[in-house]
Amino acid sequence: MRIDVVSIFPEYLAPLELSLIGKARQDGILELNVHDLRTFTSDKHRTVDDTPYGGGAGMVMKPEPWARALESVAPDAQKKPVLIVPSPAGERFNQALAYELAEEERLVFACGRYEGIDERVIDWAHEHFTVRPVSLGDYVLNGGEVAVLAMVEAIGRLLPGVVGNPESLVEESHSDGLLEYPVYTKPSSWREHDVPDVLLSGNHGKIAQWRKHQQFRRTAERRPDLLAGFDASGLSRADRTAL
Ligand SMILES: Nc1cc(-c2ccc3ccn(Cc4ccccn4)c3c2)[nH]n1
């Protein structure tokens, strides 16, 4: 997969040189290019923003530098790359969208700042990209870079060869629509807190049942909104009584 990120703060994306994503880049599994939007300005002050039409506080990002930057990363792509525009007004990013985007050959991320990017850039971009405004959650950040860090990690870790043991992707939170079960390691008794006996039993059937039970219990307690999808599918009696 090739990922291009455009930002006025390219150094914000430095953490993507570390850990699993950094190794995936070294291994050639993931190509990630970060581009400074100011490279695509033409005035001596390298201006990227201006006052908003219609008035209001803050500044808006000028359209021309963005068009030049996006043209430079996908001049005449055969298949339209996906252009992800982090925005408080976007579709909600979640694990399903991470899986969907992990299937793409190319992703381009446009990191806005100030009060956002001139809307005409989005309108223009539809000719060259499949444009997807995406929100990380219902809170407001100062720009798109933090959202890109999160999305690139969530997407990158799903690529074959990135995570050592692919099985670990199966039983994690949200992979099956539920929150993950609690995990424990040595020592079995720690500061008068003991590991649940079932996990020491060696009975893998009972362990699996206990873990699924914990997933439903946790999800019911912390994210009941996620359980809606399970009413139709029917919980087992044991799981329903556990809620
Ligand atoms: N889930 C999200 C995404 C963002 C986000 C993404 C990109 C930009 C570019 C600018 N801002 C600041 C800003 C503040 C006020 C209204 C509009 N935008 C961004 C915020 N916030 N929360």
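What counts as what
- Residues numbered from 1 in each chain as written.
- Predicted model: local features only at pLDDT ≥ 70, side-chain atom pairs only at ≥ 80, totals over all residues.
- Heavy atoms only, no water.
- 1 Å grid on protein atoms, 1.4 Å probe; cavity = no way out; pocket = protein on both sides within 12 Å on 5 of 7 lines; lining within 4 Å.
- Points joined across faces, edges and corners; volume = space filled by probe spheres on them.
- Helix = DSSP H or I, 4+ residues; strand = E, 2+ residues; numbered from the N terminus.
- Nonpolar A, V, L, I, M, F, W, Y, C, P; charged D, E, K, R; others polar.
- Pairing = 2+ DSSP bridges.
- Axes fitted to C-alpha atoms, helices over the stretch in contact; angles between N-to-C directions.
- Contact = heavy atoms within 4.5 Å.

J.: What is the right way to look at the layout of surface pockets in this model?
T.: Take a probe with the size of a water molecule and roll it over the atoms, and the empty space left behind shows itself. Within this model, the largest pocket holds a volume of roughly 540 Å³. Along the walls of the largest pocket sit 25 residues, with Pro86, Ser87, Pro88, Glu115 and Gly116 positioned nearest its centre. Elements that contribute at least two residues to the lining of the largest pocket include exactly β5 (82–92), α4 (119–125) and β7 (130–135). If one sorts the elements of the lining of the largest pocket by residue count, β5 sits on top with five residues. Taken as a whole, the second largest pocket spans an internal volume of roughly 290 Å³. Around the second largest pocket, the lining residues are Arg92, Phe93, Asn94, Gln95, Ala96, Tyr99, His174, Gly177, Arg223 and Leu226. For the lining of the second largest pocket, the leading source of residues is helix α3 (residues 95–102), giving three residues. Grouping the amino acids of the lining of the second largest pocket by side-chain chemistry returns four nonpolar, four polar and two charged.

J.: What should I look at first to understand the sheet that holds β5 in this one?
T.: By way of backbone hydrogen bonds, the strands of a sheet pair with one another, either parallel or antiparallel. Strand order across the open sheet formed by five strands is β2-β1-β6-β5-β7, with parallel pairing between neighbours. One side of each edge strand has no neighbouring strand; the edge strands of this open sheet are β2 (31–36) and β7. Recorded for the sheet is a direction-independent mean angle of 30° between the axes of neighbouring strands. Relative to β7, β5 runs parallel, the two sharing seven bridges. Its bridge partner lying in β7, Pro86 is registered against Val134. Where helix α2 (residues 63–73) meets the sheet, it contacts β1 (2–7), β2, β5 and β6 (106–110), and its direction lies at approximately 165° from that of β1.

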